[in-house]
Amino acid sequence: MPLRDASSNQLLDYSRKQGDQRESITTSGGNPVPEKDASLTVGYHGPILLQDWVLIDELAHFSRERIPERVVHAKGAGAFGYFEVTHDITKYTAAKVFSEIGKKTPIVVRFSQVAGEMGSADTLRDFRGFALKFYTEDGIWDLVGNNFPVFFIRDCALFPNFIHVLKRNPSTHIRPDYDMFWDFISLREESMHAVLMMFADRGIPASYRQMHGYGVNTFAFVNNQGKFFYCKFHYLTDQGIANLTSDLGNKINGTDPDYLIRDLYNAIETGNYPSWTMYVQIMTPEQVSKLSYDPFDDSKVWLHAEFPLIPIGRFVLNKNPKSYFAEVEQLAFDVAHLIPGIEPSPDRMLQGRLFNYGDTHRYRLGINNTQLPVNSPFRVNNYQRDGQGALQSQNGAPVYHPNSFKGPEEESRAKALSPIWPLVGDAQRIDSGHDDNYTQARLLYKRVLKPAERGRLVDNIVSWLKNANGVIQERQIANFAKVDEDFAKRIKEEINAGSHPQVNL
Ligand code: HEM
């Protein structure tokens, strides 16, 4: 950790800006405070008077300073910037954010750890969140992605279970609990592709600036003719990828647990603005039926050879938040915040996410979370009013619809861009766990990873798997054998070479 850097000079910078000026202290009501550092007592040893409204104001606010942390992705860093269109994709989408080359849209981005709590260390092995909020003329568009293109499960019904195994064991309050983690992973084989990615080199990024981002789930574009296309979003770092080894990551955790937050803050504060180039993959509905894999399964990638990356724009982060709490902790991304021209797909993880983010924000931040400045669209015209923390009255517009008093009406353009989905099928619960779980994982292991990377992957897996009980180890090693026999053999040998429970296949 550097001795002095932009982040450690924050207070010094404030003090310099103030010059000779010093404001007077007030209560939360703006009333000047006569004495800040002493409570109002009867005599020197006397009890404190209830009349000490200054103290009560201070203590009451203090007890309410913390709100529930995000149930996942609790620790993170945010920054502001802009997105600029560099390529014309209007043949695919009518979304105004992409309407012309050179168009700029303000954005805010939040990077995060997935599993750890608010105080967790930055350089632990984990997926990283990479969420974007676009403040468009058609309202907010939130693209809530990760730094890997696939996810561990493909049905949202499993999400709370999957997160539970990453979190603390509620009996011991210890994390990670290796039995919980590997038990679930070994029983849900669709996790294999994501597991290989997490334990490979990119599992510990050296900087939030030096990782790619992916929308992961499949979305749909609708163009001005009402034709729709399925799409996936990619945002690739212009800084180049950089990762930490497990050893270095663990070392940094002990000396600078906020390493990634510090790196982002300092880069932006010193004018070294990070940027990403944004791409989409496009699939027509006709192509869907001919595919050998399910394009709505978020444990799969769309092969680039068949679905090349089409450039669409670039985004730059050039401003740090002034208040972490107001602008990052209260920042709320909602997958259901979509704009005309961008629609959901049948991806069943996405379908669950469409409900869950708004719901968690109502719990974490309250019903009017979209009115907080950092979450607020440029315009809101609706028939919702009031509730805790309400900031808007919509200038006296009617509060019921239909009405005869010029209240807001539906937009014909938005109506025209709403696709009609032909849906057929019986309502049923289908466990998708036995779909193809290995073809793409095998491709990653055998074709994408280089020999040295495969070696580090084995070491990283062993460093976690060696702590699980023998039965679970065996089951997971049998799953690794379905990726590659030699891969599983190396893991087994390395575990058996240590003083760990013996594994017999
Ligand atoms: C059914 C599956 C999923 C559910 C139910 C779910 C639910 C949640 C919830 C409840 C939060 C906390 C939000 C908050 O308190 O503000 C969250 C955060 C997040 N999720 Fe998911 N999630 C799911 C899958 C995914 C997937 C597949 C990705 C990656 C594409 C993802 C990326 C993120 C990110 C980046 C955040 C942090 C957003 C921020 O920075 O505030 N989630 N998720």
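Residues numbered from 1 in each chain as written. Predicted model: local features only at pLDDT ≥ 70, side-chain atom pairs only at ≥ 80, totals over all residues. Heavy atoms only, no water.

Applicable threshold: UniProt positions are given in the numbering used here, feature names are shortened, and annotations may be inferred rather than shown by experiment.
The name given to the protein in an unreviewed UniProt entry is Catalase, with the source organism recorded as Phyllotreta striolata. The UniProt entry for the protein carries this comment under Catalytic activity (unreviewed entry): "2 H2O2 = O2 + 2 H2O". Recorded under Function (unreviewed entry), the UniProt text for the protein is reproduced unchanged: "Catalyzes the degradation of hydrogen peroxide (H(2)O(2)) generated by peroxisomal oxidases to water and oxygen, thereby protecting cells from the toxic effects of hydrogen peroxide."

## Details of empty space enclosed by the protein
Note the cut-off: Buriedness of a pocket was judged along seven lines, with at least five required to meet protein on both sides within 12 Å; pockets are open sets of points on a 1 Å grid over the protein atoms alone, cavities are sets where a 1.4 Å probe fits but cannot get out, and lining residues have an atom within 4 Å of a point. Grid points are joined across faces, edges and corners, and a volume is the space filled by probe spheres set on the points. Starting at the N terminus, helices and strands are each numbered in turn, a helix being any DSSP run of H or I of at least four residues and a strand any DSSP run of E of at least two. All amino acids are sorted into three groups, where Ala, Val, Leu, Ile, Met, Phe, Trp, Tyr, Cys and Pro are nonpolar, Asp, Glu, Lys and Arg are charged, and the leftover types, Gly among them, are polar.
Inspection of every chain in the model, using the stated rule, returns three cavities of 30 Å³ or more. Within this model, the largest cavity holds a volume of roughly 60 Å³. Forming the walls of the largest cavity are Arg154, Glu190, His193, Ser299, Lys300, Asp436, Asn437, Tyr438, Thr439, Gln440 and Ala441. Top element by residues in the lining of the largest cavity is helix α12 (residues 439-448). It accounts for three residues. Classifying every residue of the lining of the largest cavity by side-chain character gives two nonpolar, five polar and four charged.

## Describing the nonpolar core
Definition in use: Nonpolar cores were defined as sets of buried Ala, Val, Leu, Ile, Met, Phe, Trp, Tyr and Cys residues, with membership established by side-chain atoms within 4.5 Å. Each residue is placed in one exposure class: buried if its accessible area under a 1.4 Å probe, protein chains only, is under 20% of its type's maximum, exposed if it is over 50%, and partly exposed if it falls in between. The start and end points of each domain follow an automatic or database-based domain assignment. Every residue pair with non-hydrogen atoms within 4.5 Å of one another is taken to be in contact.
Counting residues in each nonpolar core, the largest one holds 52 residues, and the members touching the most others are Phe162, Trp182, Leu196, Phe480, Phe487 and Ile491. Of all the elements in the fold, those that place two or more residues in this core are α3 (159-166), α4 (178-187), α5 (192-199), α12, α13 (451-465), α14 (470-483) and α15 (485-497). Counting residues per element, this core draws most heavily on α5, which supplies seven residues. Each of domain 2 (76-152 + 205-378) and domain 3 (154-187 + 449-505) gives at least three residues to this core. Other than its neighbours up to four places away in sequence, Phe162 contacts Phe151, Phe152, Ile153, Phe184 and Ile185.

## Concerning the coordination of the iron atom of the ligand
Note the cut-off: Ligating atoms shown are N, O and S within 2.8 Å of the metal, or 3.2 Å for Na, K and Ca, and water is not included, meaning a site may look less than complete.
Protein coordination of the iron atom of the ligand rests on one atom only, Tyr357 (OH), at 1.9 Å. Topologically, Tyr357 is positioned in helix α10 (residues 348-364).

## Topic: the UniProt feature "binding site: heme" (unreviewed entry) in the protein
Within this numbering scheme, the UniProt entry marks Tyr357 as carrying the feature "binding site: heme" (unreviewed entry). Those residues in contact with Tyr357 that lie beyond four places of it in its chain are Val144, Phe333, Asp334 and Val335.

## Considering the packing of aromatic side chains
How two aromatic rings sit relative to each other is set out by the distance from centre to centre and by the angle between their planes. Note the following rule: Side-chain rings of Phe, Tyr and Trp, where Trp is taken by its six-membered ring, are said to pair if the distance between their centres is within 6.5 Å; with planes under 30 degrees apart they count as stacked, over 60 as edge-to-face, and otherwise as tilted. A ring has a charge above it when a Lys NZ or an Arg CZ is no more than 6 Å from the ring centre and no more than 35 degrees off the ring normal.
Evaluation of the coordinates by the stated rule reveals 37 aromatic pairs. Centre to centre, the rings of Phe127 and Phe152 are 4.6 Å apart; their planes meet at 45°, and the pair counts as tilted. Of the two residues, Phe127 is situated in the loop between β2 (104-113) and β3 (128-136) and Phe152 in the loop between β4 (139-146) and α3; the sequence distance between them amounts to 25 residues. Residue Phe127 shares its accessibility class with Phe152, and that shared class is buried. Three or more aromatic residues link up through ring pairs in this structure, and these residues are Tyr178, Phe181, Trp182, Phe199, Tyr445, Trp464, Phe480 and Phe487. In this structure, Lys104 packs its charged tip against the face of Tyr82, placed 4.5 Å from the ring centre. Geometry around Phe333 places Lys133 over its ring, the cationic atom sitting 5.2 Å from the centre.

## Remarks on the layout of surface pockets
The computed volume of the largest pocket comes to approximately 1200 Å³. Lining the largest pocket we find 34 residues, and of these Pro377, Arg379, Val380, Asn381 and Asn382 sit closest to its centre. For the lining of the largest pocket, the secondary structure elements donating two or more residues are β4, α10 and α11 (412-416). No other element matches the three residues that α10 contributes to the lining of the largest pocket. Residue composition of the lining of the largest pocket, grouped by class: 10 nonpolar, 14 polar and 10 charged. Of the volumes computed, that of the second largest pocket is approximately 850 Å³. Lining the second largest pocket are 38 residues, with Val72, His73, Phe159, Asn356 and Tyr357 sitting closest to its centre. Elements with a minimum of two residues in the lining of the second largest pocket: β2, β3, β4, α3 and α10. Across the lining of the second largest pocket, the residue classes break down as 18 nonpolar, 12 polar and eight charged. Counting only domains with at least three residues in the lining of the second largest pocket, you end up with domain 2 (76-152 + 205-378) and domain 3 (154-187 + 449-505).

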